[in-house]
Every structure is written in C-alpha cells, then in structure tokens.
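Below are the chains, spelled out letter by letter.
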Protein chains: 2
Amino acid sequence: MSSRDTIAAFDVIDGKLAVGGIPVDRLTERIGSTPFFAYDRRLLTERIALLRRILPSSVNLSYAIKANPMPAIVQHLSSLIDSFDVASSGELRTALDTPMRPDRISFAGPAKTIAELAQAIAAGVTIELESATEARRVIDISQRFGIRPKVAIRVNPDFVIKGSGMRMGGGAQQFGVDSEAVPKLLSELNGADIDILGFHVFGGSQNLHAEILCETQRKTVELVVRLAATMPTPVRYLNLGGGFGIPYFDKDESLDLAMIGANLTELVDGPIRQQLPHVRLVIELGRYIVGECGIYVTRVVDRKMSRGKHFIMVDGGLHHQLAASGNFGQIIRRNYPLVVGNRMKMEATETVNIVGCLCTPLDLLGENVSVPKIELGDLIVLFQAGAYGLTASPNAFLGHLPAAEALV
Amino acid sequence: MSSRDTIAAFDVIDGKLAVGGIPVDRLTERIGSTPFFAYDRRLLTERIALLRRILPSSVNLSYAIKANPMPAIVQHLSSLIDSFDVASSGELRTALDTPMRPDRISFAGPAKTIAELAQAIAAGVTIELESATEARRVIDISQRFGIRPKVAIRVNPDFVIKGSGMRMGGGAQQFGVDSEAVPKLLSELNGADIDILGFHVFGGSQNLHAEILCETQRKTVELVVRLAATMPTPVRYLNLGGGFGIPYFDKDESLDLAMIGANLTELVDGPIRQQLPHVRLVIELGRYIVGECGIYVTRVVDRKMSRGKHFIMVDGGLHHQLAASGNFGQIIRRNYPLVVGNRMKMEATETVNIVGCLCTPLDLLGENVSVPKIELGDLIVLFQAGAYGLTASPNAFLGHLPAAEALV
C-alpha cells in the first residue's frame, strides 16, 4: 500500500479518471470552471467503514473539521461519525449547522478569545482547556450566562512522539497544560461550577508509523490513569488524538491500521475497562478521513519548451493547493501524485514540469513527471487534495479566480 | 541601514508605536478588531520620493500590484507612480479602478487564460507575452474585437541573476520567451495587426546586492539592444523589472539604492540614449515600495510557562502573515522584526516564544525574542508586513476571523 493505491481507489471510465462515477471532463463541465476540488462521497463513506471495521466498536470517531471544513463534507460525515472537533468560531458554526449534538462537539486550540469561549459555552460544546487562563475565563463567562460548562483538559504529555509530520506534544509547547501541572490546575478548579469530563492528549499529526502511534496510545492511557487519581469525578472523556498519516510520496507506505486496531482493542479490554470504566474513548482524525478522497483539477492553458525543458502551464497553482507545491512546512519539495485525468490509459511518453499560473518560481506542481503527450485543454489531476488543501492555501494571492469545491 | 531602521522609520508617541500619527492602541480601537494590517501613507509617499530622488528622472516607476493589492494603496500610488503591473484579471480590475491610463498598465504572468487576455485587450492595457501560444491568442481575440492590441515580449534572458530570493530568469523557465527564440517569434508576428512596443526582462526578486542588480541591468540593456535589431519598429518600451530587496532579518543590509541610481544614469546617458532612443524605460517594484511601510498587529490572548519556556499566544497567526512564520518558500525560519507596540520605551526583561492561534506548531511568529514583560491584551507588532502579507497567506485556514487592513 502506498500513494499509488490512492490513485487506484478512483474509478476510470472511458479512459478518464472519475469522481463519484462521473468522468473528470464531464465533471468539469458540470462544475462550470477550472480549477476545482472534487471529493468522492463513496471513498469518504468507505474510509469511515474501514475505520469502524478495524477499530474497537467502543471507540468513538471524531472528525477534526480543520482538515476540510467544506459544509457538504461536514454534513455528510455528521451521520457517519460520533463527534466533531473544531478549532475556531467559524468551524464551530459549521459543526452546529449539522444534526450533531452540541455535547459531541469539542473545541480545542491555543489562544481562544473571550468571544470564542462565550460562543462555545452558549452552544454547550465541550471546551478543551489549553491553559489556566482559559479555565478562569470559562468560569467567569459561564457564571455570567448561568450555564454549567462542559470542559476537558488538553494535556501536553511528558513523553515525545517521534515520526510525526508535526509534533504537538512533549517538551515545552504552546498546546495544552503540561501533564505535571494538571493536578494543580484540577485543585484550582475544585469547587467551580464546571463539569470536568476528562482529557485530550494529542501528540502530533501525519504519522505513518503504526508502532509509534500504538506506543503513544499506550503511554497516553498510562498517563491518564495517573491523572485520573487526581480527578474529583471519574474520567468520562478521553480524546487520544489521532495523528494517522496518509502516503503523499512514492516511498511512503500506508499506515498499518490493523496494528492500531489490535492495540486499541488491548487497551480497551485491559487498562481502560479496569481503570477508566466510565470513559468515552475518542480517536480524532482529520487528514486520515478526508485526505485521500479529494483531488484538485486544473486545466492546461499553455505549454512551452525552454532550453530543453518542457513546461506545462495550468490555470491553478499554489494559491489553491499550497502543500502540493512543497511550500507549507515542508523542508524538501517532492511531487504529490498526479495524472493527466483525461488520458488515463495512455502511456507516458514525455517528461515535463507542471507549473501553476502564479508569477513565482515557487508555483511548481510537478517536477520532471512522466506523462502522456499533453495538449492544451487537458486536465491535470493532483491527488491527496482532500485535507489541508483549499483552506490551507493563500487563495487571494495574485488575485486569481477562486477554486470551486464539489462533493460528488 | 538594516531591518532595525524599518522599526525606526515609524513614530513613537507616548511610548507607543504609531502609524500615520496614531498610537497603535488607539488605532486598534479605531479599526475595531484585532488582528489587522496597517500601512503608513507617509512612509509610502516617502519611499516613492526617495526613488524619484535617486533614480534618473527619465526612468518610469511601475508598481507591481501583486505585492499588495489593497485598493486604497493602489489608489494612493496611482498619483505618485507612472504605471502599474498586474498579474491577473482581479489585479487588472483593481488597476482600472484608478485614474491610471490603461496604456500605462502592463499584464504579465504565465498561463494567462483566453478570458484574461480578452479582458486585457478590451481594456487596452499592454500585454506582456509569455509564449507563442499567447501571441496567437492575442491576435485571434483582437481581430475578433477589432482592436489593435499593445504587446511586449517577456524575455527569459540568457544569463542568470545571482543572489535573488527568487530567480525567474536564466536557464529553463516557465516565464517569458527564451531570448534566443525572440527573433523567430518576432518574424512569426510580422504582418499581424498588433503593436509590439518592446520587451520585459525580469530576473528575480528580493535581491539585496546592488552590484548584482546593476550588472543585471547592464546585461539586460545589452540583450535588448541586440534584440532591437530584430524588431520591425524602434523599441518603445523596456521594463527592466526590479528585484530590489528589503531587509527582513537582523544581518540583512539595506539595498544600496545610490549605486543603482548611478548605474541607471550611466545606462540612460549611454547605450539607451544612443541605441534605444525611443524607449520608455521602466523599473517595476512591488515589495520595495510597500514592504517596509506595513505592520501586522495582533493582540496577546494568553501566556503560559511550559517546561521552562514562556509562550505568548496571540489572536493572529500564519493565516494572515505566513511569511513571518517562515513557511512560505523559506528554507530556514528566522524571526521577522517585532516589538510590543504598547511598550516601546520599556527595557526587554524576558525571552519568549510568540505563537499564533492556530492548532499547528508551524504557527510561530517569534522564537526566543527579548521583550518587556508582556501582559494579556498587549499588542504585538510585526514589521515588514506591507508586501506579500495578507494576500500571500492562507486566510481561510482553521476558520478564524479575517484580518482588517487600514491605510493610515
């Protein structure tokens, strides 16, 4: 399993890549403009089914809206998963527009403003406290509102998770409360009229090493068992985070989900049943749910040969899909998987650079890629565009037209 | 001269940084929300005056709108400079909303769509042709419209400019027509009903080495003198590009503008007067005009100590000012200059990390910076925010509120 399987998961109809059973050229006409993002509803549903099949049934699945906040996706997922995680007032509104119960929405993130905390308390969602300041503000606001707020404590663990694309736990961090400081915070909150449900411990994202994720989950459960002893009430909520990675590049191996499922089963049947019997156990995923179900489609506008190199110019670029250009937190630029969507059955006969329409050399979408002979009007399809695509890109850069989005 | 002088260019009133004579705390109230970008009208005007003083009077100054397309800035500059450069239909509309004559607007950029070319022809602006395909499309559309279009040829030079933050000329490029292919393109265009004004040669941006910029300008003039021999009419337009850098980091030295002025004077009085006597010579600048006149202001929402490190959390972040987080095309992350805007006269007493409100460790605005003791509500000011700030950042990332912009 690798990034090649991401491509293989999509249908090919009459030699054309298809999304939701619609060949990409017809889909382009239906959407009415290029570039666009298309997300495959079937793949999204299948991904949740895969997770349900492999993870223990008592594990709750939460979708981190930050990965892709498109309302149609959030609505679709609301009937398939158990909870949402939001990171801002904007995401909170998107989540509240679904049938999801507010107490199944959690709000995490550093530097929540007083206005955001007030919104969250009024909505009745679970606030994942990132600091003592936030705790004090929540108490003040909820007193004013006459509402007993639901909170959890986001914990910065005392161990480090290796192998993550991004590390958010261990050492000194802006995220959460250091695990050794949690007992003091709990004692400060003693007597306050707030409902402390439990803990959220999240170590890092985009991890392809199942054995590291398993070890992290074990250590997290151990940590929370220790913290439980300092809680005034039984722990009813434990968000283990997620961090499940997807394969972006040729050499990436897909995550061994079976290993994670087996590990979680051991934890559920062992320490959790014995020592955290009242807990609602949550795995929170964003990228792993939506990342592979989405493509970015952009049309070839021009091509030229410059000093021996073929350049294919498209009407899209890094203003829609920054990560694919290698300019968002990556150290080394590597190509995301891509195809010529209307030439799926043709042999590769040329090596080209595929570049976006922006006036900057950073706008490189494919370097030295092997493709069938490309003509003007062809549709270039970039994969792994379902998560951290459109919203994680500088859409206003250079004043080009926005990209459409479709859930098909 | 260095990035410290950028800070010194702003007024300090009652111990507070001021923009346009208004202390930052009052400005915040006037704008009504944080975070925001503020641009200083006086500094903008002074920057143009500096360029006018040092560059030869026959040189036309063009503003590349991509650097900052805020309409108020573009309007203000329209009476101070000679021409605009646009890179998209959106920027074209912004430019056309000013009193600037359309024939003083040039449209450059790879992968211009047929729709964009049609807009540009209808508007009567100068189209900088990036390829033979674009030339053919311009001829087709202008025949259909019955308009004789103004064009220039963007040339990819046969030399490489060193020391640029980004290189866009020399070697194989998506930008422009290879210089050795220009004569063939000109002969193909022979007889077509288009007005070929001249050439645009742009080698790279954000260059702090005046001697390299001077050499580039000399080589460019030599190249265009050679190309002029293959033109059917005298060269009436030569856009030398710009590439003038600004100092972002402590060790950066400001550009030696006097050296560039002297070099341009030699070129104007020598080869240009002798061999390109009809030319309108253009220096096109974006970042150099607006970059240092802008600040990004964000409010402190929380602070915490995590395992011995002080973290200051603000309500802004990389979704508004990506470059300051080091995640847009930079290899090594370095701090942009910053101050606590309401504590300008206080001594630095602590070392902190200043982080944004996004749920990602990438959202780091200041690492190990020395600041006066910071309290909740303080206003952090990041400098060098006038160019490639808001529009070059992933504004929709994580669904936070947008940043306001003000020209003061």
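Residues numbered from 1 in each chain as written. Chains lettered and ligands numbered in written order. Predicted model: local features only at pLDDT ≥ 70, side-chain atom pairs only at ≥ 80, totals over all residues. Heavy atoms only, no water.

1. Describing the interface of chain B and chain A
On the chain A side, the residues contacting the 72 residues of chain B number 72 residues. For the pair chain B and chain A, the summed buried surface comes to about 5,400 Å²; carbon and sulfur atoms form 60% of the total. Considering only the side of chain B, the residues that lose the most area to chain A are B:Gln174, B:Arg307 and B:Cys359, jointly responsible for 15% of the buried surface there. At the junction of chain B and chain A, the tally comes to two salt bridges. Looking at the side of chain B that touches chain A, the elements that each hand over two or more residues are helix H5 (89-96), helix H7 (132-145), strand E9 (150-156), strand E10 (164-167), strand E16 (294-306) and strand E17 (309-314) of chain B. (Contact = heavy atoms within 4.5 Å. Buried area = accessible area lost by both parts, 1.4 Å probe. Salt bridge = Lys/Arg side-chain N within 4 Å of Asp/Glu carboxyl O. Helix = DSSP H or I, 4+ residues; strand = E, 2+ residues; numbered from the N terminus.)

2. Regarding the packing of aromatic side chains
All chains considered together, the criterion is met by 20 aromatic pairs over all chains. Aromatic rings pair up to connect A:Phe37, A:Tyr39 and A:Tyr296 into one cluster. (Phe/Tyr/Trp six-rings, centres within 6.5 Å; stacked < 30°, edge-to-face > 60°.)

3. Focus on the layout of surface pockets
Residue and element names in this part refer to chain B. In this structure, the second largest pocket spans a volume of roughly 1,100 Å³. Lining the second largest pocket are 47 residues, with Gly165, Met166, Ser205, Gln206 and Arg287 positioned closest to its centre. Of all the elements in the fold, those that place two or more residues in the lining of the second largest pocket are E10, strand E13 (204-207), strand E15 (280-285) and helix H11 (287-290). Partitioning the lining of the second largest pocket into residue classes produces 24 nonpolar, 16 polar and seven charged. (1 Å grid on protein atoms, 1.4 Å probe; cavity = no way out; pocket = protein on both sides within 12 Å on 5 of 7 lines; lining within 4 Å. Points joined across faces, edges and corners; volume = space filled by probe spheres on them. Nonpolar A, V, L, I, M, F, W, Y, C, P; charged D, E, K, R; others polar.)

4. Regarding empty space enclosed by the protein
Evaluated as defined, the whole model comprises four cavities of 30 Å³ or more. For the largest cavity, the calculated volume is near 120 Å³. Along the walls of the largest cavity sit 16 residues, with B:Gly203, B:Leu213, B:Thr216, B:Leu240 and B:Gly242 positioned nearest its centre. The element contributing the most residues to the lining of the largest cavity is helix H9 (residues 210-228) of chain B, with four residues. Here the lining of the largest cavity is built from residues that sort into eight nonpolar, eight polar and no charged. In terms of lining, the second largest cavity is formed by A:Ile161, A:Ser164, A:Phe202, A:Gly203, A:Gly204, A:Asn207, A:Leu213, A:Thr216, A:Gln217, A:Leu240, A:Gly242 and A:Gly243. Elements with a contribution of two residues or more to the lining of the second largest cavity: strand E13 (204-207) and helix H9 (210-228) of chain A. Tallying contributions element by element places H9(A) first for the lining of the second largest cavity, with three residues. Here the residues of the lining of the second largest cavity sort into four nonpolar, eight polar and no charged.

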